[in-house]
Amino acid sequence: MRTDAAVDHFHLDNGLEVVVIPDRRAPVVTHMVYFRNGAADDPAGKSGIAHFLEHLMFKGTERNPKGAFSETVARLGGQENAFTSYDYTAYFQRVAKEHLGAMMALEADRMTGLVLEGPEVLSERDVVIEERKMRTDSDPSAQLQESLLATLYVHHPYGTPVIGWGHEIEDLQREDALAYYRRFYRPDNAILIVAGDVESGEVRRLAEETYGRVPKPEGPAPARRRVREPEIRATRQVRLSDAKVEQPVTQRAYLVPAHATAEGNEAFALELLAQILGGSQTSRLYRALVLDGSTAVNAGSWYWNDALDIGQFGVYAVPAEDVSLDAVDGAIDAVIATLRETEVSATELERAKTRLIADMIYAQDNQAHLARIYGATLTTGGSVRDVTEWPERIRAVTAAEILDVAKRYLQPGRFVVGHLLKAAA
Amino acid sequence: MNAPLSHARTTSRARALVSPSGIEIWHVEDYTVPLVSMEFAFIGGAAQDPEGMAGLANLMAGTLDEGAGPHDASAFQERLEEKAIELSFDASRDRVDGSLRTLSEHVEAAFGLLALAVNQPRFDQAAIDRVRSQIISGLRREESDPGARARDRLNALAFEGHSYARPADGRIPELQAITRKDVVAQHQALFGRDSLHIAVVGAISPEQLTTLVEKAFGSLPARAHLAAIPDVGVGHAGHREIVPLDIPQSTLYLAMPGIARKDPDFVAALLVNHILGGGSFTSRLWMEVREKRGLAYSVWSSLANRHHAETFIAGTATSNERVAESLSIMLAEIARMAEAGPTEEEMARTKDFLIGSYALRFDTSRKIANQLLEIAIEKLGIDYIDRRNDEVAAVTLPQMQAVARRLFAGREPLVVVAGQPKGL
C-alpha cells in the first residue's frame, strides 16, 4: 500500500488553514488556495460578482503589477488557473517543487493586495459576457439547465447561475468587485492546499514566510448566512424548445441533503443510490431503459454531494428514436418506484461500493485531483477526517438505509423535470 | 518501494520489454499506489473507414467492451465493475486507442477481460445497434454546437477528397448503413501486432506484465491490413465560409499548412506557436484579443498533426458583431509573426516555460503512460524524455524567425465561422 506520509493539517496564527498532501512520485507540487465563498454568496442584484472577481484577480497588485503574476508562473514552468463554484472560489498553480515558495509569495500578495484600475476592469467584464455567450447563450441545453435550477431552488441562491444573469453581469462595477474582495479575501476565510513532493515542515515554513505576513484581519471571519428553501409540494416542469435541437433529452433534479446537511448515513446512502440507479452500464436505469427496453439510448443519475446547503440528485435520459419524453419519464418513474419499494440486492450493493471505494484509490494517483477533493470538502463544512474516513462510511451503508433515502427524497414535490425539445418549424 | 519518480528518471526507469510474439511494451515499474495503468493504440483509425462508411472504426471500437467471449454486454460490464476495472476503447483519426486501469490485486482478471475484448468481441447485433444509436444521438447533439459545426466544415474543406475530410465519429446516414459484417471485418483489418503500441505504468513486475500482454495480444494476427493513406495538404487557402447557426456568438476556426513532427524545425515551430497562441494567459493572441480588447473568452492556436497531414489551426469564439474585428486582429498577429518573428525575450520566456513545465506531464500513472505511448508512436525513442528539454534549449532565434516565415509568410488561411457573423 501507499508508503507516503499521512495528510497533515494545521492553522497559521492569522487563521489560514493549511492542508499538506504528500505525493513523492514526481518532483512537482500542486498549490491551491480555496476561499470559503462562491456564487451563492453574491449579494442580491450582483449575481456573477464572485466569478467576475475571480477573473479580476489576475489583473495585478502593487508588487506584481499587470501581467506579472502570470508571467512569473509561466517563466517558472508553471500551469495556473482558477474556478468559481457556488460555495467556493479557488486558485491554483502546478509547478516544479522548488518554486512552491514563489507561488506562495504571489498568491499571498494578491490575497489582500489586488489593484483594480483603468480600462481592464471593463474589458474583463466583456470577456465574462463572452464566456456566458459561449457557455449558455449559444447552447439550448445549458439554457434549459439554468431554468431547471432556477425553478428547483425557489429561494436559495443555488438557483442563480454561478456566472450570473446576463443583465446583472453587464452592470457589475469595479466597486462591487472590490467590496466583495474586501469582505471575503482574508487569511481566516481561506484554505491553502499543497499536494506533492514536499515535507509538511517545509510547507509550514514557506507558508509562514508568505501567507503568515498577511495581517490577521479585524473582526470575525465572514459568516455565510444562506436562506433556506421552503417546502414546495408541486412537481414542476420546464421545457425549452429550440429549432437547433436535434436530440431531445429529459432530465430531472431532486432536492436532497448534501454531506454538510445530511443526517447520519444519508449522504453516503445517496452516493450509493446514485451509483445503483444510474452510475454505470449495469445500473437500474441503464438496464431498464437502454439494455432491456428500447426506450432510451442513454440514461444515468448523479448526486451533487458537496454543497454547503441543500444538494441535488439528478436523473437524465436520451430517448430512443420516436419515443416521447413523456414515455421516457414514465419508464424512469417506474424504475424509481421499485427502488422506493424494495431493498437493492446484496450483489448490487457490493458492486456499487467496490466501484466508489476504488475511485478513492485511483484518486491517489493524481495529486491535483486529491487536492480538489480536500478543497471542496473543507469549504463545504467537511474535515480532513471526513475525506480519510469516507471509504469506511461507504462500506457501512446498508440496503435498508438506501431504501430509506429513496423513499424520503425521491418523491413528488422534491423535483423539477426539464425537457429539451426541437421547436416545430 | 519509496524511490521518487522524477521525470528525469522516468526514462531510465522506462524499460522496453518484448513479449514472446514480439510485442514491444514500454514499462515503468512503480509500487507507490497499488494500481496498474496501461495505454495502448492500434495505428489506423477512422482514416481507414471505407468510402461510404464514415464512423466504422468508431462503431467498432465502441462495441468492443459490449460483450466478449462467453459474456454478453451486461455480464461483461458486471465483471469489470465487480473489480472496479476500467477498460475503454476509442477510435480517433489515425488510431484506435485502448485504456486499462485496475487495482493491482485484480490485474489478472483485468487482462483476462482485455484479452476477451481484443480477441473475441461478440459484436452482438443488439450491442452494435445500441452503440450506433448512442453515436448518432451524440452527432445530433453536435448539430447545435458551433464548435463542432465549424470544426467539421473546416476538415471537410481543408482535406476535401481525402478520408480526413470526413468526421471521425461518422456521418448519420453512413452509420445507419453499416452492418455487423462490416464491423467484424474492420476489427480483423485494424488489429494486428505490428500496428500495436503499449505503455504501462504501475505496480506490476516486468515478468508478469510480459506474460499478461502476451495473453491479451499475442494471438492477434502478426500484421494488420491497413489501406495506404496518402499525405494531404490544406486545401481552399483564402476561402471563407459561414455555417449559419442562430446564436449570438460565432465560433471561428482558421487553418493553414503546418509542419511535420520529423522536420528539423518542428521544435522551433512549436515555440513560435506557443508565443503566438499556444501559451494560455501570455500568448500574443491572448493579449491582443482577450486582455486588451475583451473580445473573447478563449483564443488559441496549435500545430495539429495527423499521421498524413500537418496543420496550423487557430480559433476563437466572439459575439457575431465582433467577428470581423477579432479575425483581423488574429490575422495581423500572424502576419507580424511572419515578418519579424518572436523577440529574444519571448524566446527566453517560452523556453523557460516549456522546459520547466515538462515535469508536469509525468505526475500520474496515466499521464506517464500516455506520454510514453505518444513518444513510441512518433518513433522518438525511449530516451526522448531525457533529450526533449535539450532540443527546446537548442532552438535559436534565427531558426524561429525562419520557421515563422516559412509557416506564415504570404499564406492565406482557410476560415470557417459557425454563427451569424457580421461584416465578414
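It should be noted that the structure appears before, not after, this text.
The following paragraphs examine the structure supplied in this document. (Residues numbered from 1 in each chain as written. Chains lettered and ligands numbered in written order. Predicted model: local features only at pLDDT ≥ 70, side-chain atom pairs only at ≥ 80, totals over all residues. Heavy atoms only, no water.)

Description of the sheet that holds strand 9 (residues 240–244) of chain B
So, point 1. One open sheet holds the five strands; their spatial order is 9-13-10-12-11 (chain B), and the pairing between them is mixed. On the outer flanks of this sheet lie strand 9 and strand 11 (299–306) of chain B, each paired with one strand and no other. When strand polarity is set aside, the average angle formed by the axes of neighbouring strands in this sheet is 20°.
So, point 2. Docked against the sheet, helix 4 (residues 120–137) of chain A engages strand 10 (249–257) and strand 12 (309–319) of chain B, running at close to 110° with respect to strand 12 of chain B.
So, point 3. Strands in contact with helix 11 (residues 284–291) of chain B are strand 11 and strand 12 of chain B; relative to strand 11 of chain B, the strand with the most contacts, it is inclined by about 140°. (Pairing = 2+ DSSP bridges. Helix = DSSP H or I, 4+ residues; strand = E, 2+ residues; numbered from the N terminus. Axes fitted to C-alpha atoms, helices over the stretch in contact; angles between N-to-C directions. Contact = heavy atoms within 4.5 Å.)

Description of the pattern of salt bridges
Residue and element names in this part refer to chain B.
So, point 1. The final tally for this structure, using the stated rule, is 61 salt bridges over all chains.
So, point 2. Glutamate 86 is the partner of arginine 101 in a salt bridge, and the nearest nitrogen-oxygen pair spans 3.1 Å. Of this pair, arginine 101 sits in strand 7 (residues 95–103) while glutamate 86 is found in strand 6 (residues 86–91), placing the two residues 15 residues apart along the sequence.
So, point 3. Overall, arginine 101 belongs to the buried group, its relative accessible area being 13%.
So, point 4. A relative accessible area of 21% means that glutamate 86 is categorised as partly exposed.
So, point 5. Linking aspartate 129 and arginine 132 is a salt bridge whose minimum nitrogen-to-oxygen distance equals 3.0 Å. Residue aspartate 129 and its partner arginine 132 are both found in helix 5 (residues 125–142); the two are separated by three residues, about one turn of the helix. (Salt bridge = Lys/Arg side-chain N within 4 Å of Asp/Glu carboxyl O. Buried < 20%, exposed > 50% of the residue type's maximum accessible area, 1.4 Å probe, protein only.)

Points about the interface of chain A and chain B
So, point 1. The interface is formed by 61 residues belonging to chain A together with 68 residues belonging to chain B.
So, point 2. It is A:Arg25, A:Arg75 and A:Tyr362 in chain A that bury the most area against chain B; as a group they hold 14% of the surface buried on that side.
So, point 3. For the interface between chain A and chain B, the tally reads 10 salt bridges.
So, point 4. With its nearest N and O atoms 2.4 Å apart, the salt bridge here joins B:Glu78 to A:Arg287.
So, point 5. If you look at where chain A meets chain B, you find 28 residue pairs in polar contact (both at pLDDT 80 or more).
So, point 6. It is helix 4 of chain A that provides the largest number of residues to the side of chain A that touches chain B, a total of 10 residues. (Buried area = accessible area lost by both parts, 1.4 Å probe. Polar contact = N/O pair within 3.5 Å; in protein donor to acceptor, adjacent residues only side chain to side chain.)

A look at empty space enclosed by the protein
So, point 1. Here the structure, examined in full by the defined rule, presents three cavities of 30 Å³ or more.
So, point 2. Around the largest cavity, the lining residues are A:Gln275, A:Ile276, A:Ser280, A:Thr282, A:Ser283, A:Glu348, A:Arg351, A:Ala352 and B:Glu81.
So, point 3. Among the elements that line the lining of the largest cavity, the one with the most residues is helix 12 (residues 346–363) of chain A, at three residues.
So, point 4. Of the residues that constitute the lining of the largest cavity, the class distribution is two nonpolar, four polar and three charged. (1 Å grid on protein atoms, 1.4 Å probe; cavity = no way out; pocket = protein on both sides within 12 Å on 5 of 7 lines; lining within 4 Å. Points joined across faces, edges and corners; volume = space filled by probe spheres on them. Nonpolar A, V, L, I, M, F, W, Y, C, P; charged D, E, K, R; others polar.)

Remarks on the sheet that holds strand 10 (residues 310–319) of chain A
Residue and element names in this part refer to chain A.
So, point 1. In spatial order, the strands read 7-11-8-10-9; together these five strands make up an open sheet with mixed pairing. Both outer strands of the open sheet, strand 7 (236–242) and strand 9 (296–304), are each paired with one neighbouring strand and no more. The mean angle between the axes of side-by-side strands here comes to 15°, regardless of whether they run parallel or antiparallel.
So, point 2. Taken together, the six bridges between strand 8 (residues 249–257) and strand 11 (residues 415–422) define a ladder with antiparallel strand orientation. Residue pairing in the sheet places tyrosine 254 in a bridge with phenylalanine 415 of strand 11.
So, point 3. Here helix 10 (residues 284–291) sits on the sheet in contact with strand 9 and strand 10, set at roughly 160° to strand 9.

These figures capture arrangement, not role.
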